[in-house]
Amino acid sequence: MSAKETKSTPSHMPEFLRKLVVSLKRKPDTIGLLVFVVAFVYYSLNLTHISDTTAKIQGAGMGLCGFATMLLSMLSMVCYLNSFPRRKKPVVPMIVLMAIMIGIIIFCDNYYMGLIAAALTRPENPILIDKNTVYIALAYNVLSNHMSIVIAGAVITALLPVYSKLLRKINTSIMVEDNGKLGEIDISGED
């Protein structure tokens, strides 16, 4: 075997990385699902800042936006799981439903951020950010980051046909060496 062939074989790849690549080759849509799970967990863990901001500002539709974001995040993951069944073609109606939910989530995040900005910059009785209201700035950052993660998940989902073909091109086979005793194995089943 030449040096060029040795470098292209995956036997130098760590086993955990090889197994990860093999599982992603079999089910590449897992990448998009993981991004949406990260967005949901991030939003859920920072929900206290969102709730406190809603209670402080009390803007029109703030509570509804927070509720819609939480509910549609869960439902969009369910749609995602049903969009890509194993060994079958993608279910287009579920993908469309998931895209609509993602669009509503992005709209709600953007609308909520606009209400925060309006409350901070309004001419009469603006809300000042100090040590007691720092959660408002944190909520704004959470919404901005959540929106970015959701958009990244949508882009990754849209590019699924492209990177699934690229993943299939990765060689994950293992080189098995012959110890010379392969001919001695009796596979006929006769005694």
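Please refer to the structure placed before this passage.
In what follows, the accompanying structure is described. Computed from a predicted structure; not experimentally measured.

## Observations regarding the overall build of the protein chain
And then number 1: If you tally the helices and strands in the protein chain, you get eight helices and zero strands.
And then number 2: Shown N-terminal to C-terminal, the secondary structure of the protein chain runs as helices and strands in the order α-α-α-α-α-α-α-α.
And then number 3: Counting only residues that meet the buried cut, the protein chain has 32% of its 191 residues in that class.
And then number 4: Partitioning the contacts of the protein chain with sequence separation of at least 6, the portion at a separation of at least 24 is 79%.
And then number 5: As displayed, the protein chain offers around 12400 Å² of accessible surface, 65% of which is attributable to carbon and sulfur atoms.

## Remarks on helix α6 (residues 92-121)
An α-helical turn contains 3.6 residues, so a residue and the one three or four places further along point in the same direction.
And then number 1: If you check α6, its first and last C-alpha atoms are 43 Å apart, about what 30 residues at 1.5 Å a residue would give, namely 44 Å.
And then number 2: At its buried positions, α6 is contacted by α3 (30-45), α4 (47-57), α5 (62-83) and α7 (134-158).

## What to know about the pattern of salt bridges
And then number 1: For the structure on display, the rule yields one salt bridge.
And then number 2: One salt bridge connects Asp29 with Lys27, and the closest N-O pair in it is separated by 3.5 Å.
And then number 3: Residue Asp29 is classed as buried on the basis of its relative accessible area of 12%.
And then number 4: With relative accessibility at 24%, the residue Lys27 sits in the partly exposed group.

## A word on the packing of α4 against α5
And then number 1: Interaxial distance between α4 and α5 falls to 9 Å at its minimum, and their mutual angle equals 160 degrees. In terms of orientation, α4 lies roughly antiparallel with respect to α5. For the element pair α4 and α5, the recorded crossing hand is left-handed. Along its contact with α4, which presents Leu47, Thr53, Thr54 and Ile57, the element α5 presents Met62, Gly63 and Met70.
And then number 2: Looking at the contact of α4 with α5, its residues break down into four nonpolar, three polar and no charged.

## Focus on α3
And then number 1: Here α3 is 16 residues long and its end C-alpha atoms lie 22 Å apart, about the 22 Å a rise of 1.5 Å per residue gives.
And then number 2: Contacts made by the buried residues of α3 are with α4, α5, α6, α7 and α8 (160-168).

## Describing the nonpolar core
And then number 1: Residues Ile50, Ile57, Tyr112, Ile116 and Leu143 are the most contacted members of the largest nonpolar core, which totals 38 residues.
And then number 2: By residue number, the principal contributor to this core is α6, which donates 10 residues.

## Looking at the packing of aromatic side chains
And then number 1: What the rule picks out here adds up to three aromatic pairs.
And then number 2: An aromatic cluster of three or more residues is present, and its members are Phe36, Tyr80 and Phe84.

What counts and what doesn't
- Residues numbered from 1 in each chain as written.
- Predicted model: local features only at pLDDT ≥ 70, side-chain atom pairs only at ≥ 80, totals over all residues.
- Heavy atoms only, no water.
- Helix = DSSP H or I, 4+ residues; strand = E, 2+ residues; numbered from the N terminus.
- Buried < 20%, exposed > 50% of the residue type's maximum accessible area, 1.4 Å probe, protein only.
- Contact = heavy atoms within 4.5 Å.
- Areas by Shrake-Rupley, 256 points an atom, 1.4 Å probe, with all protein chains shown as cover.
- Expected span 1.5 Å × (residues − 1).
- Salt bridge = Lys/Arg side-chain N within 4 Å of Asp/Glu carboxyl O.
- Axes fitted to C-alpha atoms, helices over the stretch in contact; angles between N-to-C directions.
- Parallel < 35°, antiparallel > 145°, perpendicular 65-115°, else oblique.
- Left-handed = near helix turned anticlockwise from the far one by under 90°.
- Nonpolar A, V, L, I, M, F, W, Y, C, P; charged D, E, K, R; others polar.
- Core = buried A, V, L, I, M, F, W, Y, C linked by side-chain atoms within 4.5 Å.
- Phe/Tyr/Trp six-rings, centres within 6.5 Å; stacked < 30°, edge-to-face > 60°.

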